[in-house]
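# Notes for the structure review
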Amino acid sequence: MEWTEAINNPFLKDLPFKIELNKWGQLLMSPASNNHGIRQSDIVIKLYNCKKSGQVITECSITTPQGVKVADVAWASDEFMAQYRDKTPYSVAPEICVEVISPSNSKAEMQEKIKLYLEQGALEVWLCNQDGEITYFSKNGKLDKSEIAKC
């Protein structure tokens, strides 16, 4: 299955959870808790307040060598948005990609997503745990704080 088929499929449009595609085009489904939604909203507000330009995106689809991954939240600069606009999925990751960790996510899965987003061009990947604590990563490894969203 291709991403456009997934987002245009009437049977998939009202699912109460996030879907992604693996490298074979198979659907991966992740039910989200209310805590997950709360953490997503918290990050949207944080990015909106920190970055007065660019675009905050929820459920941002990104093509990777392992299929289409969907960052819970992303921040894209004005330059990124001028080039890619609302293309779906993006072939390049926005500058910041954020994943809210769910209890069902394994450490290996999160490490793979960090790697994939960075390989696709993200400058930072943030992981938010169930308590709202954020860990920041760049190509140089773990960061003490975000170097892009300075707030």
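The following refers to the structure shown. In this text the structure is predicted, and so the values were computed from the model without any measurement. (Residues numbered from 1 in each chain as written. Predicted model: local features only at pLDDT ≥ 70, side-chain atom pairs only at ≥ 80, totals over all residues. Heavy atoms only, no water.)

### Structural notes on the overall build of the chain
Note the following rule: Labels follow the DSSP assignment, with helices taken as runs of H or I lasting at least four residues and strands as runs of E lasting at least two, numbered in each case from the N terminus. The globule rule is 2.2 Å times the number of residues to the power 0.38, and the radius of gyration it is compared with is taken over C-alpha atoms.
Scanning the chain for helices and strands turns up four helices and eight strands. Its helices and strands taken in sequence order, the chain reads α-β-β-α-β-β-α-β-α-β-β-β from the N to the C terminus. Radius of gyration (C-alpha) of the chain: 15 Å, near the 15 Å computed for a compact globule of 151 residues. Once the C-alpha set of the chain is aligned to its principal axes, its extents read approximately 40 × 35 × 25 Å.

### Description of the nonpolar core
Going by this rule: Nonpolar core, defined: a set of buried Ala, Val, Leu, Ile, Met, Phe, Trp, Tyr and Cys residues in which side-chain atoms within 4.5 Å join the residues together. Burial classification: accessible surface area is computed with a 1.4 Å probe over protein chains only, and a residue below 20% of its type maximum counts as buried, one above 50% as exposed, and the rest as partly exposed. Here a residue-residue contact requires only that any non-hydrogen atoms of the pair lie within 4.5 Å.
If you look at the biggest cluster of nonpolar residues, it comprises 20 residues, and the most contacted ones within it are Ile57, Cys60, Ile62, Tyr90, Cys97, Tyr117 and Ala122. Where this core is concerned, the elements lending two or more residues are β3 (55-64), β4 (67-76), α3 (78-84), α4 (107-119) and β6 (124-128). With four residues, α4 is the largest single contributor of residues to this core. Those residues in contact with Cys97 that lie beyond four places of it in its chain are Ile62, Ala71, Val73, Ala74, Tyr117, Ala122, Glu124, Val125 and Trp126. Counting residues in each nonpolar core, the second largest holds 14 residues, with Val98, Cys128, Ile148 and Ala149 among its members.

### Focus on the side chain of Glu95
The line we're drawing: In summary, the charge assignment counts Lys and Arg as positive and Asp and Glu as negative, without counting His or the chain termini. Every case where a carboxyl oxygen of Asp or Glu lies within 4 Å of a side-chain nitrogen of Lys or Arg is listed as a salt bridge. Between N or O atoms, a polar contact is any pair within 3.5 Å; within protein, one atom must be a potential hydrogen donor and the other a potential acceptor, and residues adjacent in sequence are included only when both atoms are from side chains.
Relative to the helices and strands, Glu95 is located in the loop between α3 and β5 (96-100). No salt bridge forms around the buried Glu95; measuring N to O, its nearest opposite-charge neighbour Lys51 is 8.7 Å away. A polar contact of 2.5 Å, which involves the side chain of Glu95, links it to the side chain of Ser77. Residue contacts for Glu95: discarding those within four places in its chain leaves Trp75, Ala76, Ser77, Phe80, Ala122, Leu123, Glu124 and Ile148.

### Observations regarding the sheet that holds β4
Think of a sheet as strands paired side by side through backbone hydrogen bonds, with each pair either parallel or antiparallel. This is how the line gets drawn: When DSSP finds two or more bridges between a pair of strands, those strands are recorded as paired. Think of each axis as a best-fit line through the C-alpha atoms, taken over the contacting stretch in the case of a helix, with angles from 0 to 180 degrees between the N-to-C directions.
Reading across the sheet, the six strands line up as β3-β4-β5-β6-β7-β8 and stay open at both edges, with mixed pairing between neighbours. Bordering the open sheet on either side are β3 and β8 (141-143), each of which pairs with just one other strand. Going from strand to strand, the sheet's axes swing by 35° on average, the running direction of each strand aside. Note: β3 against β4, nine bridges, orientation antiparallel. Across the sheet, Val56 pairs through a bridge with Trp75, a residue of β4.

### Some words on the pattern of salt bridges
Overall, the coordinates contain three salt bridges when judged by the stated rule. Salt-bridge contacts for Lys113 lead to Glu99; the nearest nitrogen and oxygen are separated by 3.5 Å. A residue pair is termed long-range when its members are at least 10 positions apart, and Lys113 in helix α4 and Glu99 in strand β5 qualify at 14 residues. One exposure class covers both Lys113 and Glu99, and it is buried. Taking the shortest distance from any N to any O, the salt bridge between Glu119 and Lys115 comes out at 3.1 Å. On the criterion of helical spacing, the pair formed by Glu119 and Lys115 is a turn pair, its members being four residues apart in helix α4.

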